[in-house]
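Residue-level listing of the chains:
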Amino acid sequence: MPEPVRALIPRLRAICGDDGVITDTAQRRTYESDALTYHAAVPGVVVLPTGTEQVAAVVRLCAEHGVPFVPRGAGTGLSAGALPRDDGVLVTTSRMRRIHEIDIDNACAVVEPGVANLDITRAAAPHGYYYAPDPSSQQVCSVGGNVAENSGGAHCLKYGFTANHVLGLEVVTPGGEVVRLGGKAPEAPGYDLIGAFVGSEGTLGIATEITVRLTRAPERVSTVLAAFATTDAGGAAVSAIIAAGVLPSAVEMMDALSIEAAEQAVACGYPKGAGAVLIVELDGPASDVEAYAAVVERLCREAGAFEIRAADDPDERARIWKGRKSAFAAVGRISPAYIVQDGVVPRTALPDVLRRIAELSARSGIRVANVFHAGDGNLHPLVLFDDAEPGAAERAAEVSGAILDLCIEHGGSITGEHGVGVDKACHMPAMFGPSDLDAFDRLRRAFDPQGIANPEKLLPTPRLCGERPAVRKGEHPLVAEGAGDVF
Amino acid sequence: MGSRRDAEALVDALGASGAALRPGGEEDAVGGCVPRIVAVPPDPGAAAALMAAAARHRLVTVARGHGTKPVWGGVPERCDVLIDTGRLNGVDHATGDLVVRVGAGTPMAELEAELAKAGQRLSVDAVVAGSTVGGVVATGLSGPLRLLHGPVRDLVIGMTTVLADGATASSGGRVVKNVAGYDLGKLHTGALGTLGLITSVTFRLHPVPPARRFVRVSVEPGDSAAVCDAARALRASQLVPSAIELDWPVDGPPELQVLVEGAESGVGRRAAAAAALLGGRAGVGTEPPEGWGELPGAPDDLLLKLAYPLTGLPEALDVLRSAAADAGVGVAVRGSAGTGIMYAALPRSAAAEEAAVDAVSRLRAAPGDGRASFPDAARAPRPRHPHLPGARDEIPGLALMRAVKDRFDPHHLLSPGRIAGGV
């Protein structure tokens, strides 16, 4: 462990208590990566503060000594945003798990950052409310992590992302000061610093208390599954649905290869011979859902759907979602290794981009399974390869990178929900010019003039360039634990 | 003040940018601050060149759309160059993607008309008639639809700005789902041009709902708690209203106005259910009530803003109304009872100023998250009242805001002093 970090340990113990500081090498190693295990580094020291004052004292100590710190929630991130540093302090929020308040009259909840996303919904559900952002790891991922990553989920098509649901924050700045931003009242005076903070990937400080909006649970939810011969036909159905003025809460698509994998893994029973499966979910007032479900079914048939199933109760709905939610884990069964990509294209560019991905796949001999949020053009191609085969990993990485290039070429984004982290920091210049990146850097330095908050994440640094994107083997670690699904 | 020689010197400094230049006059004043010169850049490139030249000469720039909210926020400390965004216009509508990129100087009405051709809308109300897109975004002013669709910043997915040094910086993009880079669009929204000149904005759009109904109920006996309880009950219902507005004129009972939108087959039933829930003699119609989404009162009235949690709103309204009653002046209130943002207008008089200052002082002294303010410097009490709480007090995060301002605009050349806290 580098000396500057070692020197802090007695004072960290004084702040967090002996049980709140981890120095043992084997224990530290359990924090060496987030869910993107390709990037790993053993943290210099791990602290587990129990409240705002402890977080602030730890960060102040880091600031005094110029030691970097890395915030970490539940470690479910997929861009190595919580990758530790051996010369730094890893600040985990796992002991800050209190729900302070469920305030139904003001439709909000006040929570600590370590609270699991789904636990807010569990606490609000008896009152008929829920917390809308639903990343697939929602059983375990922390709200603080959601704030850092501006997490979305399958239903963000209609309900938006974490940024649209955070009303207030208590933040420990990289200088160690405690600042309250927003709250239960709308439109706090001055700059929208909450808007800047959400999605800042731990580079602007650590959120220690979060006030989130609660959403009234919908009167009716209806899920339609439609099977098509090709993804083109499925894509045509999506375009027709959007053009008809329908705003579903979720629109998901899987191609033949991902359907095959899901079938092998969980026997989801999707229609035989489908080249694409489309899942469309509608929610809202019963009258609207009924009217729009009929429109969706009609448009799917007109686009060539050969089988349509509709689910109006939670059990049937869960059966439809089972295959979709297991798709990533399932791919581990049909391929020894794979890369998960996360790119976005304008929805109307989907058919073209999917064709180009198929061409890339054919040319390289690398199979690509496509699972995607079709409603908002967020692709999650799974690039499959055999890591025992010499050169396969390199070719897979090339295909994965080429898919991102396609996204940028079509006016899209290099990440729709997984974040930039370390993994995509060197792709940022492909999407943003030097003055754009400079503007980002201005914001970062306004919060963190010393550059100690999660350094080398989000923005490119010379040291990072040239590293390969992440490669994963087999099942996602969280899925293997039964702790969550992965989209 | 624009002497001919001064204007000539400025033309020398800024002329090469390609912006059309003319001396500033009284009609261009921003809160009494008359610009030395008015510049109209013909395109974003010229705007960038203009800003770069202004920065080299340490000239203070202030952006203006159609000048419908010229003194929203505070009066700028100085104004050398007024930048008129009128020619930074144009609409690039990606119909199938439900996305539009708009030049900042485009009138909201023009954008609305263009989008309507494709059955789409930007779910943002132009609260002040004649506003430009850039003006709406820079002020962050939201209207009734905010209840269902969120404030303006929630619909911004990309933005291009010119920073103080003339560098052009974009963030976000043309896709709704995008977490690459910081969301600077949110930072610029409501920043009143103090961090950069907004040249274009990309928004996510919504389909125009096939049908709508307005439900109107007079709430008796007209006390604030009853009004707010009714608004909360509507929010907690399954009716998913797009807007819940309160219109409380100077004389007359308060009226709750509810907008329900959706499939034709359902809106009638939902509107009837809303009326039943409110329990009054409700009227249901398809056209908006008079004044829908507009600020209350007359253009010269004193304007106050209340931004409160729903449970805090009744007390805030009571404090305001009792201060007005004590002073013997009338107060008109209108705003979003569903989200807790209300505007109040008092016809200008010495007594009204006393009442307004008294109400704001009492509300600011009260604990809780809410805040009362004078949102428009042109309509704030004048001259400064000794009891008026300072503009620089009680702003959480002010040190961070100053740090952000210092990084984006180190020489304080962009509308300095215009935003809360004198930033």
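Small disclaimer: the values here were computed from a predicted structure and weren't measured.

Draft legend 1. Quick look at the overall build of chain B. Helix and strand content of chain B: 11 helices and 19 strands. A compact globule built from 423 residues would reach a C-alpha radius of gyration of about 22 Å, and chain B, at 22 Å, matches this within 12%. Here the C-alpha coordinates of chain B stretch approximately 70 × 55 × 35 Å along the principal axes. Looking at the 423 residues of chain B, the share that counts as buried comes to 61%. The long-range fraction of contacts in chain B, counting pairs at least 24 apart against all pairs at least 6 apart in sequence, stands at 70%. The distance from the centre of the 42 positive side-chain charges to the centre of the 45 negative ones in chain B is 5 Å.

Draft legend 2. Geometry of the UniProt feature "domain: FAD-binding PCMH-type" (unreviewed entry) in chain B. When the UniProt feature table is mapped onto this chain, "domain: FAD-binding PCMH-type" (unreviewed entry) is found at residues 30–208 of chain B. Taken end to end, residues 30–208 of chain B has its terminal C-alpha atoms 36 Å apart, with 21% of it in helix and 25% in strand.

Draft legend 3. Structural context of the packing of helix H12 (residues 350–364) of chain A against helix H13 (residues 392–409) of chain A. Residue and element names in this part refer to chain A. Here H12 crosses H13 at 160°, and the two axes come no closer than 10 Å. On the basis of the axis angle, H12 is roughly antiparallel to H13. Two packed elements cross with a definite hand, and for H12 against H13 that hand is right-handed. Contact residues: H12 offers Val353, Arg356, Ile357, Leu360 and Ser364, while H13 offers Arg395, Val399, Ala402, Ile403, Leu406 and Glu409. Partitioning the contact of H12 with H13 into residue classes produces 7 nonpolar, 1 polar and 3 charged.

Draft legend 4. Representation of the interface of chain B and chain A within the structure. Opposite the 75 residues of chain B that make contact, chain A presents 78 residues. Summed over both partners, the interface of chain B with chain A comes to about 6,200 Å²; 58% of that surface belongs to carbon and sulfur atoms. Where chain B meets chain A, there are 7 salt bridges. Here B:Lys305 and A:Glu187 are joined by a salt bridge, their closest N and O atoms 2.4 Å apart. Our enumeration of links across chain B and chain A arrives at 26 residue pairs in polar contact (both at pLDDT 80 or more).

Draft legend 5. Spatial organisation of the sheet that holds strand E5 (residues 99–103) of chain A. All names here are of chain A. Taken in spatial order, the 5 strands make up an open sheet running E5-E6-E10-E8-E9, and their pairing is antiparallel. Both outer strands of the open sheet, E5 and strand E9 (178–182), are each paired with one neighbouring strand and no more. Neighbour to neighbour, the strand axes of the sheet diverge by 10° on average, direction disregarded. In this structure, strand E8 (residues 166–172) lies alongside strand E10 (residues 206–213), joined through 6 bridges in antiparallel fashion. The residue of E10 that forms the bridge with Val166 is Val212. Against the sheet, helix H3 (residues 52–65) makes contact with E8, E9 and E10, and its axis sits at roughly 50° relative to E8, the strand it touches most. The sheet strands contacting helix H4 (residues 117–124) are E5, strand E6 (108–111) and E10, and the helix crosses E5 at an angle near 45°.

What counts and what doesn't
Residues numbered from 1 in each chain as written. Chains lettered and ligands numbered in written order. Predicted model: local features only at pLDDT ≥ 70, side-chain atom pairs only at ≥ 80, totals over all residues. Heavy atoms only, no water. Helix = DSSP H or I, 4+ residues; strand = E, 2+ residues; numbered from the N terminus. Rg over C-alpha atoms; globule rule 2.2 N^0.38 Å. Buried < 20%, exposed > 50% of the residue type's maximum accessible area, 1.4 Å probe, protein only. Contact = heavy atoms within 4.5 Å. Lys, Arg positive; Asp, Glu negative; His and termini not counted. Charge placed at Lys NZ, Arg CZ, Asp CG, Glu CD. UniProt positions renumbered as here; feature names shortened; annotations may be inferred. Axes fitted to C-alpha atoms, helices over the stretch in contact; angles between N-to-C directions. Parallel < 35°, antiparallel > 145°, perpendicular 65-115°, else oblique. Left-handed = near helix turned anticlockwise from the far one by under 90°. Nonpolar A, V, L, I, M, F, W, Y, C, P; charged D, E, K, R; others polar. Buried area = accessible area lost by both parts, 1.4 Å probe. Salt bridge = Lys/Arg side-chain N within 4 Å of Asp/Glu carboxyl O. Polar contact = N/O pair within 3.5 Å; in protein donor to acceptor, adjacent residues only side chain to side chain. Pairing = 2+ DSSP bridges.

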